[in-house]
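Fold and geometry: a report
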Amino acid sequence: MRHAVLIEDLRVRLNGKEVLKGVSLRVPEGAVTVILGPSGVGKSTLLRTINRLVELNPDASVEGRVEVLGVDAYATDPYKLRRRVGMVFQIPNPLPHLSIYWNVALAAKVCGVAKRKDELNRVVEWALRKAMLWEEVKDRLRDPPTKLSGGQQQRLCLARALAMKPKLLLLDEPTANIDVENTELIERALRDLVREDGTTVLLVTHMPDQALRVGDYVAVMYDGRVVEFGRVGEVAREPTHPFTRKLFSRLA
């Protein structure tokens, strides 16, 4: 099995507190891996360590091995790394001063995916279709994103990340603040990205039912460590860690 992300004995301190306490994890290529765990356990920090956003905190320290798409993440240019790794955050954050079109097109242009107008048009339509948003906005591309609902804005953020044509997509609880209908559309989009495009998806969520719907694999975090990993169905049926048993027992 090939791995898109390889992490060994990762330790991260933020503002003097050890948040990740020796995390080791292999994220399979071309699959959805879900990270589950209670609040404050380091799930978001793990994502931000993979794409080096953690370094925006001047008091952050990182020890251990982080290999992303076959490259040592901390021995390469972070900007080059982030061009291969898309990210969607918990709170929708479209650029309010740009149109719906340019929220997507700018990402493609900056990353060199498309330059000419016809190329940008194709990428924008492709990304919006992948994010299950094209039919809703194809006649409104000049509108600002503020005219969209919260769930539509989140799907726009997904389209923006996809316009970079990333090999790895990181999502930090992307459905935590949107309705059921938009949640279902995003979940469907993620499954299609893996099946049709071979994208590797790493999804943080606090919902075990979402892990069962979307995930191929699940990593359970507790107290700053990965305490359980495997195919999501197998982990749900035969959990070994007490927290994992408690987590999935609610779905029984």
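Heads up: these notes are all about the structure in this document. (Residues numbered from 1 in each chain as written. Predicted model: local features only at pLDDT ≥ 70, side-chain atom pairs only at ≥ 80, totals over all residues. Heavy atoms only, no water.)

1. Details of the overall build of the protein chain
When helices and strands are tallied, the protein chain shows 10 helices and 10 strands. Over its C-alpha atoms the protein chain spans a radius of gyration of 18 Å, differing by no more than 12% from the 18 Å that the globule rule assigns to 252 residues. Along the longest, intermediate and shortest principal axes, the C-alpha atoms of the protein chain span 50 × 45 × 35 Å. Looking at the protein chain residue by residue over its 252 residues, the buried ones come to 50%. In the protein chain, once contacts between residues fewer than 6 apart in sequence are set aside, the share between residues at least 24 apart is 67%. Within the protein chain, the 32 negative side-chain charges are centred at a point lying 3 Å from the centre of the 39 positive side-chain charges. (Helix = DSSP H or I, 4+ residues; strand = E, 2+ residues; numbered from the N terminus. Rg over C-alpha atoms; globule rule 2.2 N^0.38 Å. Buried < 20%, exposed > 50% of the residue type's maximum accessible area, 1.4 Å probe, protein only. Contact = heavy atoms within 4.5 Å. Lys, Arg positive; Asp, Glu negative; His and termini not counted. Charge placed at Lys NZ, Arg CZ, Asp CG, Glu CD.)

2. Examining the sheet that holds strand β1 (residues 3-14)
Sheets are built from strands paired through backbone hydrogen bonds, the pairs being either parallel or antiparallel. What the four strands build is an open sheet, ordered β2-β1-β4-β5; its pairing is antiparallel. Where the open sheet ends on each side, the last strands, each with one partner, are β2 (17-28) and β5 (71-72). Note that β1 and β2 share nine bridges and pair antiparallel. Following the sheet pairing, His-3 is matched in β2 by Pro-28. Where helix α1 (residues 43-50) meets the sheet, it contacts β1, β2 and β4 (60-68), and its direction lies at approximately 115° from that of β1. (Pairing = 2+ DSSP bridges. Axes fitted to C-alpha atoms, helices over the stretch in contact; angles between N-to-C directions.)

3. Some thoughts on the pairing of strand β9 (residues 217-222)
Counted residue by residue, β9 has five buried out of six residues, so it is predominantly covered. Pairing analysis gives four bridges linking strand β3 (residues 32-36) to β9, with the strands arranged parallel. Of the residues in β9, the one forming a bridge with Ile-35 is Ala-219. In sequence, β9 turns back onto strand β10 (residues 225-231) through a hairpin of two residues, with Asp-223 there showing a positive phi of about 55°.

4. Concerning helix α6 (residues 150-162)
Since the α-helix turns once every 3.6 residues, residues separated by three or four places project in the same direction. Between the first and last C-alpha of α6 there are 19 Å, a value that for 13 residues agrees with the 18 Å anticipated at 1.5 Å per step. Counting buried positions along α6 yields 12 of 13 residues, so the element is predominantly enclosed. Those residues of α6 that sit buried are Gly-151, Gln-152, Gln-153, Gln-154, Arg-155, Leu-156, Cys-157, Leu-158, Ala-159, Arg-160, Ala-161 and Leu-162. Its buried side turned inward, α6 meets β6 (85-88), α3 (100-110), α4 (117-130), α5 (134-137), β7 (168-172) and α7 (180-197). (Expected span 1.5 Å × (residues − 1).)

5. Describing the nonpolar core
In summary, soluble globular proteins display a tendency toward joint burial of nonpolar side chains. Ranked by size, the top nonpolar core spans 51 residues in total, and within it Val-104, Leu-128, Leu-158, Leu-169, Leu-171, Leu-190 and Val-201 carry the most contacts. Among residues more than four places away in sequence, those in contact with Val-201 are Ala-31, Val-32, Thr-33, Leu-169, Leu-171, Leu-190 and Val-194. Grouped together as the second largest cluster of nonpolar side chains are 30 residues, Val-5, Val-68, Val-85 and Ala-219 included. (Core = buried A, V, L, I, M, F, W, Y, C linked by side-chain atoms within 4.5 Å.)

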